[in-house]
Amino acid sequence: MTRTTIHTDGAWRDALNGETRDVLDPADGRPFAVVAEGGAADADAAVAAARAAFDSGVWPGTPVAERAALLRRVAELLVRDREELALLESRDAGKTLEEGRVDVDCVADAFRYFADLVLAEGPGRVVDAGSDTVHSVVVHEPVGVCAMITPWNYPLLQASWKIAPAVAAGNTFVVKPSEITPLSTVALIALLAEAGLPNGVANLVTGPGHTVGARLAEHPDVDLVSFTGGLTSGVKVAQAAAPGVKKVALELGGKNPNVVFADACETEEGFDTAVDQALNAAFMHSGQVCSAGSRLIVEESVRERFVAELSRRAARIKLGRGTEKDVECGPLVSRAQLERTEEYVASALAEGAVLRSGGRRPEPSATRSADGYFYEPTVLDRCNRRMRVIREEIFGPVLTVETFRTEDEAVALANDTEYGLAGAVWTADAARARRVAGRLRHGTVWINDFHPYLPQAEWGGFGKSGVGRELGPSGLAEYRETKHVYQNLAPRPVRWFSG
């Protein structure tokens, strides 16, 4: 990968300041690519290109069928390049190669979904004005120039959740991927160009958040800002966008409960499934998932058996470079994230948590470099709401355990968070499942499952998990303005004024 990674008005170039950044492989801490380190001037140039492309009508004026056809071509190119993109995502973000493949498949599904969605729409919603001489219709138009700021944990997936609906709706955009994991977004922009997207519609600036991201959020020619990332950064984005009264969509993570009732564990199959899914919920991608089920809330009567088996299995998870055979979990994305995880575990132990498994960096092995950012899957028992590890998002392979005795107590614990992104309930009682799901204040609730999502269903959270939704019809609506067109078919004087 060369440093020529900024894309404006259909051309690839270096940063205007000439600066570059090494991209590190989290499995060994060594550079394996170089990208442009853009700044505010690069953001300005990208916004100018997007503004010109939108105002010219080159993309918003393109018929919906042609937009949908382009989205389908992108999906085909993603399938063609599946292995290459999965490898890139694995090396860049540290996840396993199989996780990378799943991500590429999900990205292709998102492009197909939004192609189908815009094609299925009618010309607008006719409004009954109560008169045969009035034609009234509500239509949807693209919002304009969109700034997209994406995170490091799912760089390709999160970029696609923004780009696919924005392009489907007829917008132009500038995307800023995380400076830690920019490579798959660079590849996606290249595929959009290959699919035939006109120059200036898709623009990319690689660089840090405090310069590029900040400038995009405040830029007067940007009409919408979509940000996925941490709460602190999300607040800054909203503050920067506020003076321009821009549309803002924020997905800010969560502290997600996985509630297990004893009746879910009454059979051996039920017990095995609940334990297995608790592992998946907490340790997929080393816990670096906004919807990770990092809070296990288990009924007291089965706590000891459940936690003992969970801890035993967690200790057997195979850590290593994500491209190596049989590896089940890769490294954390950066040294900073590794040290952050260590600090949270230390604070939990100091506050009285009991370590059941993990809690340290693993020994080097044939698949693990001593310089990689690896941390053992960690289970912390006997946790309570006063602990930082319970209240704050870690983004590491750390599972905390809380217990309850009644349904009301389980719901209260699950909702006792400033976030509200996702959660799950495990029970053999269908009525209880519906009751608890209805009471959980989270944007996605799984019953007897964890982690699946559908491009047709909205994704987003309550509380400090953000505002707005991605995916589903609402995900498309984020990138549109609503207009009411009222036509008088038989105009005549009103005579309100006598003169």
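As the structure is a computational prediction, the values presented were derived from the model and not from experiment.

Engineer: How would you explain the nonpolar core if you had to name every residue and give the values?
Structural biologist: Among the nonpolar cores identified, the biggest contains 89 residues, and Leu78, Phe111, Phe114, Ile163, Phe173, Leu192 and Phe306 are the most heavily contacted of them. When sequence neighbours within four positions are dropped, the list of residues in contact with Leu192 reads Val74, Phe111, Ile163, Phe173, Leu197 and Ala202. Among the nonpolar cores identified, the runner-up in size contains 25 residues, and Ile6, Phe54, Val145 and Leu231 belong to it.

Engineer: Can you lay out the pattern of salt bridges for me, pointing to particular residues and giving the numbers?
Structural biologist: Applying the stated rule across the entire model yields 44 salt bridges. The salt bridge involving Arg101 is made with Glu83; its shortest N-O contact spans 2.8 Å. One end of the pair, Arg101, is in helix α4 (residues 97–120); the other, Glu83, is in helix α3 (residues 82–93), and 18 residues separate them in sequence. The salt bridge involving Arg439 is made with Glu407; its shortest N-O contact spans 4.0 Å. With Arg439 in helix α14 (residues 430–439) and Glu407 in helix α13 (residues 407–415), this pair connects stretches of sequence that are 32 residues apart.

Engineer: So, the sheet that holds strand β12 (residues 257–260): which residues are in play, and what are the values?
Structural biologist: Across the sheet, which stays open at both edges, the seven strands sit in the order β14-β15-β16-β13-β12-β17-β18 with mixed pairing between neighbours. Two strands lie at the open edges of the sheet, namely β14 (354–357) and β18 (444–447), each paired on one side alone. For this sheet, the mean inter-axis angle between neighbouring strands, taken without regard to orientation, is 25 degrees. Bridge count between strand β13 (residues 295–299) and strand β16 (residues 398–404): five bridges; the pairing is parallel. Looking at β16, one finds that Leu296 is bridged to Val401. Docked against the sheet, helix α11 (residues 335–350) engages β14, β15 (378–381) and β16, running at close to 25 degrees with respect to β15. Sheet contacts for α13: β12, β13 and β16; angle to β16, the most-contacted strand, approximately 145 degrees.

Engineer: Which residues make up the environment of Gly207, and what values go with them?
Structural biologist: Relative to the helices and strands, Gly207 resides in the loop between β9 (202–204) and α7 (209–218). When the C-alpha positions of Gly207 and Pro63 are compared, they lie 34 Å apart, and in sequence the two are 144 residues distant. The contacts of Gly207, once residues within four sequence positions are left out, are Ala36, Glu37, Gly38, Lys176, Pro177, Glu179 and Val212.

Engineer: Describe in detail α14, supporting the description with residues and values.
Structural biologist: What α14 keeps buried is the set Arg432, Ala433 and Val436. In a view along the axis of α14, the buried residues occupy a sector of 100 degrees, so they form one face of it. Those residues of α14 that are exposed and aimed more than 90 degrees away from the buried face are Arg434 and Gly438. Those residues of α14 that are buried are in contact with α13, β17 (422–426) and β18.

Engineer: Tell me about the sheet that holds strand β6 (residues 134–142), and please be specific about residues and values.
Structural biologist: In space, the three strands of this open sheet follow the order β5-β6-β20, with antiparallel pairing throughout. Of all the strands in the sheet, the pair left with one neighbour each is β5 (125–127) and β20 (480–488). Going across the sheet, the axis of each strand differs from the next one's by a mean of 25 degrees, ignoring polarity.

Engineer: Tell me about the pairing of β12, and please be specific about residues and values.
Structural biologist: Alternating residues of β12 divide into Pro257 and Val259 and Asn258 and Val260, and every residue in both groups is buried. Sheet topology places β12 next to β13; four bridges connect them, and they run parallel. Counterpart to Asn258 in the pairing with β13 is Leu296. After leaving β12, the chain enters helix α9 (residues 268–283) and then returns to the sheet as β13, a path that is right-handed. Note: β12 against β17, three bridges, orientation parallel. Along β17, the bridge assignment pairs Asn258 with Ala424.

Engineer: I'd like a description of the packing of helix α5 (residues 155–169) against helix α6 (residues 183–195), backed by residues and values.
Structural biologist: At a minimum axis separation of 8 Å, α5 and α6 run at an interaxial angle of 40 degrees. By the criterion of interaxial angle, the relationship of α5 to α6 is oblique. In the packing of α5 onto α6, the handedness of the crossing is right-handed. Counted together, Pro155, Leu156, Ala159, Ser160 and Ile163 of α5 and Ser184, Thr185, Leu188, Ile189 and Leu192 of α6 form the full contact between these two elements. Residues of the contact of α5 with α6, tallied by class, amount to seven nonpolar, three polar and no charged.

Engineer: A description of the packing of aromatic side chains should follow, citing residues and the corresponding values.
Structural biologist: Here the structure, examined in full by the defined rule, presents eight aromatic pairs. Arranged with centres 5.3 Å apart and planes meeting at 90 degrees, the rings of Trp152 and Phe395 form a pair that is edge-to-face. Residue Trp152 is found in the loop between β7 (145–149) and α5, and its partner Phe395 is found in the loop between α12 (388–391) and β16; the two are separated by 243 residues along the sequence. Accessibility expressed as a relative area gives 17% for Trp152, which makes it buried. Judged by relative accessible area, Phe395 falls into the buried class, the value being 16%. On the numbers, 5.9 Å between centres and 85 degrees between planes, the contact of Phe271 with Phe306 is edge-to-face. Within this pair, whereas Phe271 is found in helix α9, its partner Phe306 is found in helix α10 (residues 303–315), the two being separated by 35 residues in sequence. Taken as a pair, Phe271 and Phe306 share a single burial class, namely buried. Across from the ring centre of Phe271, 3.7 Å away, lies the NZ or CZ of Arg305, which sits over that ring.

Cut-offs applied
Residues numbered from 1 in each chain as written. Predicted model: local features only at pLDDT ≥ 70, side-chain atom pairs only at ≥ 80, totals over all residues. Heavy atoms only, no water. Core = buried A, V, L, I, M, F, W, Y, C linked by side-chain atoms within 4.5 Å. Buried < 20%, exposed > 50% of the residue type's maximum accessible area, 1.4 Å probe, protein only. Contact = heavy atoms within 4.5 Å. Salt bridge = Lys/Arg side-chain N within 4 Å of Asp/Glu carboxyl O. Helix = DSSP H or I, 4+ residues; strand = E, 2+ residues; numbered from the N terminus. Pairing = 2+ DSSP bridges. Axes fitted to C-alpha atoms, helices over the stretch in contact; angles between N-to-C directions. Arc of directions from axis to C-beta. Right-handed = clockwise from strand over helix to strand, strands pointing away. Parallel < 35°, antiparallel > 145°, perpendicular 65-115°, else oblique. Left-handed = near helix turned anticlockwise from the far one by under 90°. Nonpolar A, V, L, I, M, F, W, Y, C, P; charged D, E, K, R; others polar. Phe/Tyr/Trp six-rings, centres within 6.5 Å; stacked < 30°, edge-to-face > 60°. Lys NZ or Arg CZ within 6 Å of the ring centre and 35° of its normal.

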